[in-house]
Amino acid sequence: MKKRKEISEMNNNELKAIAKEVRIDIIKSVSEAKSGHPGGSLSAADILTVLYFDAMNIDPSNPKWEDRDRFVLSKGHGAPALYAVLAERGYFPKEELLKLRKFGAMLQGHPDMKKTPGVDMSTGSLGQGLSAANGMALAAKLDGKDYNVYALLGDGEVQEGMIWEAAMSAAHYKLDNIIAFLDHNGLQIDGSNDEVMSLGKIAKKFDAFGWNVISIDGHDFDQIKKAIEMAKEEEGRPSIVICETVKGKGVSFMEDQAGWHGKAPNAEETAKALEDLEGGLK
């Protein structure tokens with residue numbers, strides 16, 4: 001994989017401050033909508049912050065720039081996190097976040113590339129995003145472009161067979177311009193992964209499918225940045241970064257609770273969540 005042009009690097013304190021705002025906006029938008037998926041949005045906030053503010057070659061003033069890096073939110077229910085990051089990055093006004101899931105608004109329950117600036121692929125049906133990312137990465141190869149394609153998968157999502165068809169084809173076509181992230185928080189809507197359908201040794205599975213596998217703490221900014229650089233250096237293989245994360249990260253009563261996969265907080269819970277986040281819960 002060719003190395004991308006370097007962009008201005010942000011220090012970890014700056015990234016942490018942005019991730020904090022992203023989490024606050026996730027809670028506010030889901031609370032206002034009275035619907036949405038806070039748990040897996042909060043777990044992915046640090047990954048998305050590093051991608052959009054440190055790693056990706058993008059231009060918010062020109063969302064359809066032909067040579068931009070692409071991003072696919074394969075776990076489309078994590079849309080509140082993506083929207084919060086896009087707004088923070090300047091793709092659209094932050095006021096739009098409070099219109100989440102409202103009739104006629106641009107921010108639907110799952111990402112829609114036709115309505116929302118900065119969304120590269122419409123997603124929501126789990127298992128399909130990695131295949132879409134493959135298509136983008138293959139197009140780059142055929143067109144002689146050197147952009148990278150990033151994809152974020154949910155750990156419940158990788159129980160889908162289509163993910164493994166996509167994993168096989170990405171390795172077959174040597175798509176080393178794909179960098180996937182697995183938000184491995186251990187929980188899905190019906191409980192723990194192990195109870196619903198165990199993923200087993202997930203790193204070994206991707207390795208067996210021919211991928212370059214990197215395992216990290218998905219809330220450690222240094223590890224996220226280092227993993228991206230390692231993936232960019234890989235030649236001839238797609239890369240996946242398996243991120244150990246905490247569902248509901250940053251909100252005391254949501255952390256490690258499957259029940260917060262797809263439930264909006266009420267007014268009292270919202271106040272407590274914002275208190276946690278603004279107070280810097282570790």
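Up top is the structure these notes are about.
Not measured: the values here are computed from a predicted model.

**What about the nonpolar core?**
Residues Leu51, Tyr52, Phe71 and Phe181 are the most contacted members of the largest nonpolar core, which totals 57 residues. Counting residues per element, this core draws most heavily on helix H2 (residues 38-55), which supplies 10 residues. Contacts of Phe71, omitting those with residues within four sequence positions, involve Leu48, Leu51, Tyr52, Met56, Leu82, Asp120, Met121, Tyr150, Ala151 and Leu152. Counting 27 residues, the second largest nonpolar core, distinct from the first, contains Val72, Ala151, Ile178 and Leu199.

**A few points about the pattern of salt bridges**
What the rule picks out here adds up to 12 salt bridges. Between Glu88 and Lys94 there is a salt bridge whose closest N-O contact spans 3.0 Å. By relative accessible area, Lys94 is classed as partly exposed at 32%. A single salt-bridge network, built from bridges that share partners, covers Asp25, Glu88 and Lys94.

**Description of the sheet that holds strand S2 (residues 149-154)**
One open sheet accounts for 5 strands, arranged S1-S2-S3-S7-S6; its pairing is parallel. Each of the sheet's edge strands pairs with one partner strand only, and the pair in question is strand S1 (70-73) and strand S6 (212-217). Across this sheet, the average inter-strand angle for adjacent strands is 20°, counted without regard to direction. Here strand S3 (residues 178-184) runs beside strand S7 (residues 239-244); their pairing, made up of 6 bridges, is parallel. Counted as the bridge partner of Phe181 is Val241 from S7.

Parameters at a glance
Each chain has its residues counted from 1, running along the sequence as written. At least 70 in pLDDT is required for a residue's local features to be given in this predicted model, at least 80 for side-chain atom pairs to be given and counted, and no such filter applies to totals for whole chains, interfaces and linings, which use all residues. Excluded from the side-chain calculation are hydrogens and water; included are all heavy atoms of the structure. Only buried Ala, Val, Leu, Ile, Met, Phe, Trp, Tyr and Cys residues count toward a nonpolar core, and they belong to the same one when joined by side-chain atoms within 4.5 Å. Burial status follows relative accessibility: with a 1.4 Å probe on protein chains alone, a residue under 20% of its type maximum counts as buried, one over 50% as exposed, and anything between as partly exposed. Only DSSP runs of H or I covering at least 4 residues are called helices, and only runs of E covering at least 2 are called strands; the numbering of each starts at the N terminus. The contact definition used throughout considers only heavy atoms, calling two residues in contact when any of these lie within 4.5 Å. Definition used for salt bridges: Asp or Glu carboxyl oxygen within 4 Å of a side-chain nitrogen of Lys or Arg. Two strands qualify as a pair provided DSSP detects at least 2 bridges between them. An axis is simply a line fitted to the C-alpha atoms; with a helix, the fit covers only the stretch in contact. Between two such axes, the angle follows the N-to-C directions and lies from 0 to 180 degrees.

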